[in-house]
Amino acid sequence: YQRRVHGGGEVYLASNGVGSIAAVELKQGEEIHIKQDGFLAGSSTIHISTIFQSLKKGVFSGAGLGILKATGQGTIFLSAHGSAFTKSVGAGEELIVDNGNLIAWPASSNYTVTRATKSIVKSVTSGEGFVCRFQGPTTVLIQSQLPPSPINGNAKQQANPLAACIVLGIFGFVFLAVIIVALIAVATEETGVKTEL
């Protein structure tokens, strides 16, 4: 949904909650990707569309599966939780961004989503889970705070899908083991009954 405003006058903008607004100048031929709730407003010469990331990036990057693509020439205003700042990454350098703090990045950026540490256990127990690793050269727009939780309004705890998968896997294994034991008990009982006859 977009609301278009035409004519003379002034437009006042406010960020989505406690935070700031970042103005990004987009040049002709450039394309940037924006997290789901990051777009606030833009020049009439800016075209906004929805694109889909890979499943891994969509689930674990913090930006969402469906993200926004901005093209055209003009100014884009992006909403940030806390302060918004731009981080430039030089050629051969790497920038690691917590997946909840990502706002926008050039479409040409080379980035991957990985565990926060090399160890699955340490990634789960650290509370970080996954991070976005950007390879230079690129520029990334980052926010200083995590978005608020819809439940209590506080900054949300970092969602840790890896921990959830491990916990679900353990419960699934226990459930499957109980079912197998029950089936073996029933089969043994039926075998015992046939033998007595």
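Residues numbered from 1 in each chain as written. Predicted model: local features only at pLDDT ≥ 70, side-chain atom pairs only at ≥ 80, totals over all residues. Heavy atoms only, no water.

## A word on the overall build of the chain
Helix and strand content of the chain: three helices and twelve strands. In the chain, which comprises 197 residues, the share counted as buried stands at 32%. Put simply, 75% of the contacts in the chain that link residues at least 6 apart link residues at least 24 apart. As displayed, the chain has an accessible area near 12,300 Å², and 61% of this comes from carbon and sulfur atoms. (Helix = DSSP H or I, 4+ residues; strand = E, 2+ residues; numbered from the N terminus. Buried < 20%, exposed > 50% of the residue type's maximum accessible area, 1.4 Å probe, protein only. Contact = heavy atoms within 4.5 Å. Areas by Shrake-Rupley, 256 points an atom, 1.4 Å probe, with all protein chains shown as cover.)

## Here's the deal with the pairing of strand β5 (residues 66-72)
Burial runs high along β5: five of the seven residues are buried. Where strand β2 (residues 31-34) meets β5, four bridges bridge the pair, whose relative direction is antiparallel. By the bridge assignment, Glu31 is partnered in β5 with Thr71. (Pairing = 2+ DSSP bridges.)

## Structural notes on the pattern of salt bridges
According to the stated counting rule, one finds two salt bridges in the structure shown. Lys35 is paired through a salt bridge with Asp37; the nearest N and O atoms lie 2.7 Å apart. A relative accessible area of 36% means that Asp37 is categorised as partly exposed. Residues Glu94 and Arg133 are paired through a salt bridge, measuring 3.5 Å at the closest nitrogen-oxygen approach. Of this pair, Glu94 sits in strand β8 (residues 94-98) while Arg133 sits in strand β11 (residues 130-135), and the two are 39 residues apart along the sequence. Owing to a relative accessible area of 41%, Glu94 belongs among the partly exposed residues under this scheme. (Salt bridge = Lys/Arg side-chain N within 4 Å of Asp/Glu carboxyl O.)

## Quick notes on the sheet that holds strand β10 (residues 110-115)
With antiparallel pairing, three strands are arranged side by side in an open sheet as β8-β11-β10. Both outer strands of the open sheet, β8 and β10, are each paired with one neighbouring strand and no more. Shown here is a sheet whose adjacent strand axes are inclined to one another by a mean of 25°, direction ignored. (Axes fitted to C-alpha atoms, helices over the stretch in contact; angles between N-to-C directions.)

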